[in-house]
Amino acid sequence: MHHVLRRLDLNLLPVFDAVYRHRSVRLAAVELSMSTSALSHALTRLREFLKDPLFYREGHKMCPSVFAHQLAPHIAASLAMLNQHLSPVQPFDPRTSSQTFRVAVTDYTAFCIFPELIKALEKTAPGVNFELFHLPHNPALTELLAGEVDLALSFSEPDDVRHQDLEEVDLFSDEFVVISNINRQSLTLEEYLAAGHLVVTP
């Protein structure tokens, strides 16, 4: 696995990329904060490893070989991808962020929570966007753990087990209310159980 990369000093790849773009050892050395002699030595090592001259001097320019022309786009793309993915994560700043968050909601939480949430975020995070997804089940554990949604505004039961990989915040507590078609001043458990029920769930 990666038998070529194990034998190659990967620090030589930015040297190749810089010389290819600038067509100059001096300018490449300036970009990489190296001396021209150190860069020339690195280029010699890469030539020996790849068994190709890579660049030849024509006047004041370093002209790439056919093989260097073929290599250049692949090396440039690989370096760009590595640079992007290996860069330190920048702290999240809600005031300047334009990030889009995918939020799973139920009818109930969308009605009770989201309007006030948006009102508050219009001032503190004006560029942040939200995509709402209605999920037919609760809680949205599968979608959260798979990274399909960033946040779930859902409801929990007292005996729910919290998942170790997810952070939960209790926003408020609510209660169920019984509406009866009979005029009652009180309702015992026995009367409740004996009655017919129409159950409304989130």
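Position numbers for residues start from 1 in each chain and track the written sequence from start to end. For this predicted model, a pLDDT threshold of at least 70 governs which residues receive local features, and a threshold of 80 or more governs which side-chain atom pairs are given and counted, while totals over whole chains, interfaces and linings are taken from all residues. As a rule here, side-chain values come from all non-hydrogen atoms in the structure, and water together with hydrogens is ignored.

A. Spotlight on the environment of Val-149. Along the polypeptide, Val-149 turns up in the loop between helix H8 (141-145) and strand E5 (151-153). We call a residue buried when its accessible area falls under 20% of the maximum for its residue type, exposed when it is over 50%, and partly exposed in between, using a 1.4 Å probe and counting protein chains only. A relative accessible area of 6% means that Val-149 is categorised as buried. Residues are treated as being in contact if the distance between any of their heavy atoms lies within 4.5 Å. If we ignore the near neighbours within four places in the chain, the residues touching Val-149 are Arg-102, Ala-104, Glu-143 and Leu-144. Strands here mean DSSP runs of E at least two residues long; helices mean DSSP runs of H or I at least four residues long; both are numbered from the N terminus.

B. Seen up close, the pattern of salt bridges. Between Lys or Arg on one side and Asp or Glu on the other, a salt bridge is scored when a side-chain nitrogen of the former is within 4 Å of a carboxyl oxygen of the latter. Taken as a whole and judged by the stated rule, the model has six salt bridges. Glu-31 is paired through a salt bridge with Arg-21; the nearest N and O atoms lie 2.5 Å apart. Within this pair, whereas Glu-31 is found in helix H3 (residues 25-32), its partner Arg-21 is found in helix H2 (residues 12-22), the two being separated by 10 residues in sequence. Arg-21 sits in the partly exposed class, given a relative accessible area of 44%. Overlapping salt bridges, with partners in common, bring together Asp-17, Arg-21 and Glu-31 in one network.

C. A look at helix H5 (residues 66-86). How far a helix is expected to stretch is found by multiplying one less than its residue total by 1.5 Å. With 21 residues, H5 extends 31 Å from end C-alpha to end C-alpha; this agrees with the ideal 30 Å at 1.5 Å per step. One axis fitted to the seven residues ending at a residue, another fitted to the seven starting there: the angle between these axes is the bend at that residue. At Ala-72, H5 shows its largest bend, some 35 degrees, and a proline, Pro-73, comes one to four positions later. Along H5, the residues that are buried comprise Ala-68, Leu-71, Ala-72 and Ile-75. Of the surrounding secondary structure, the elements contacted by the buried residues of H5 are H2, helix H4 (36-50) and strand E2 (61-64).

D. Structural context of the nonpolar core. Buried residues of nine kinds, namely Ala, Val, Leu, Ile, Met, Phe, Trp, Tyr and Cys, make up a nonpolar core once their side-chain atoms join them within 4.5 Å. Phe-16, Val-19, Leu-39, Leu-46, Leu-54, Phe-55 and Met-62 are the most contacted members of the largest nonpolar core, which has 22 residues in total. Among the secondary structure elements, those contributing two or more residues to this core are H2, H3, H4 and H5. A total of seven residues in this core trace back to one element, the largest contributor, which is H2. Grouped together as the second largest cluster of nonpolar side chains are five residues, Val-103, Val-105, Phe-114 and Leu-153 included.

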